[in-house]
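# Chain and residue survey
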Amino acid sequence: QVVLVESGEGVVQAGGILKLSCTTSERVSSFAAMAWFRQATGKEREQVAAMNRGGDTCAADSLKDRLRITRDDKRNTLDLQGSGLEREDAVTYYCAAQKDGEAGVDHWGQGTQVTVSS
């Protein structure tokens, strides 16, 4: 069973920097793809950014200028970094993974809540 665990600063100042990490029970480089999603209360979960095994990335148009996905094979983490945080960024962030042969991401972390303070 794949285990994904998100971690990072739970409270970030408005305009400040976000840094989240996802650790896994397997090598991050072993997944076909990994991604960060986020979800606000009462809203649908949206994909923030994704990265495939080869390191190619894609990101939501509305977020790509502020949020960036990276993978650290040495630390075995998938990271999400951002700047210029806004109130809309105060949501729950989820790490997800797709293994070879799966149609999409099929493994999820429990999520980590981010609060943006003014």
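Now for a quick tour of the structure. This is a predicted model, so every value here is computed, not measured.

### Considering the overall build of the chain
From N to C terminus, the chain includes 0 helices and 12 strands. In sequence order, the chain lays out its α and β elements as β-β-β-β-β-β-β-β-β-β-β-β. The C-alpha atoms of the chain give 13 Å as radius of gyration, which agrees with the globular expectation for 118 residues (13 Å, within 12%). Expressed as lengths along the three principal axes of its C-alpha atoms, the size of the chain is roughly 45 × 30 × 25 Å. Within the chain, the fraction of its 118 residues that count as buried is 42%. Long-range contacts, defined here as pairs at least 24 residues apart, represent 54% of the contacts in the chain between residues at least 6 apart. For the chain, the accessible surface area stands at approximately 6,500 Å², while carbon and sulfur atoms represent 44% of it.

### Concerning the side chain of Gln98
Within the secondary structure layout, Gln98 lies in strand E9 (residues 92-98). On the basis of relative accessible area, Gln98 is assigned to the buried category, the value being 17%. There is a polar contact of 2.7 Å between the side chain of Gln98 and the backbone oxygen of Glu102. With sequence-adjacent residues up to four places away left out, Gln98 is seen in contact with Phe31, Ala32, Ala33, Ala103, Gly104 and Val105.

### Focus: the pairing of E9
Burial of E9 is extensive: 7 of the 7 residues sit out of reach of the surface. Bridging between strand E4 (residues 33-39) and E9 involves 7 bridges; their strand directions are antiparallel. By the bridge assignment, Ala33 is partnered in E9 with Gln98. Inspection of the sheet shows E9 paired to strand E11 (residues 112-113) by 2 bridges, in the antiparallel sense. Directly across from Thr92, in E11, lies its bridge partner Gln113. As judged from the 2 bridges shared by E9 and strand E10 (residues 107-108), these two strands associate in the antiparallel manner. In the strand pairing of E10, Ala96 is matched with Trp108.

What counts, and where the lines are drawn
- Residues numbered from 1 in each chain as written.
- Predicted model: local features only at pLDDT ≥ 70, side-chain atom pairs only at ≥ 80, totals over all residues.
- Heavy atoms only, no water.
- Helix = DSSP H or I, 4+ residues; strand = E, 2+ residues; numbered from the N terminus.
- Rg over C-alpha atoms; globule rule 2.2 N^0.38 Å.
- Buried < 20%, exposed > 50% of the residue type's maximum accessible area, 1.4 Å probe, protein only.
- Contact = heavy atoms within 4.5 Å.
- Areas by Shrake-Rupley, 256 points an atom, 1.4 Å probe, with all protein chains shown as cover.
- Polar contact = N/O pair within 3.5 Å; in protein donor to acceptor, adjacent residues only side chain to side chain.
- Pairing = 2+ DSSP bridges.

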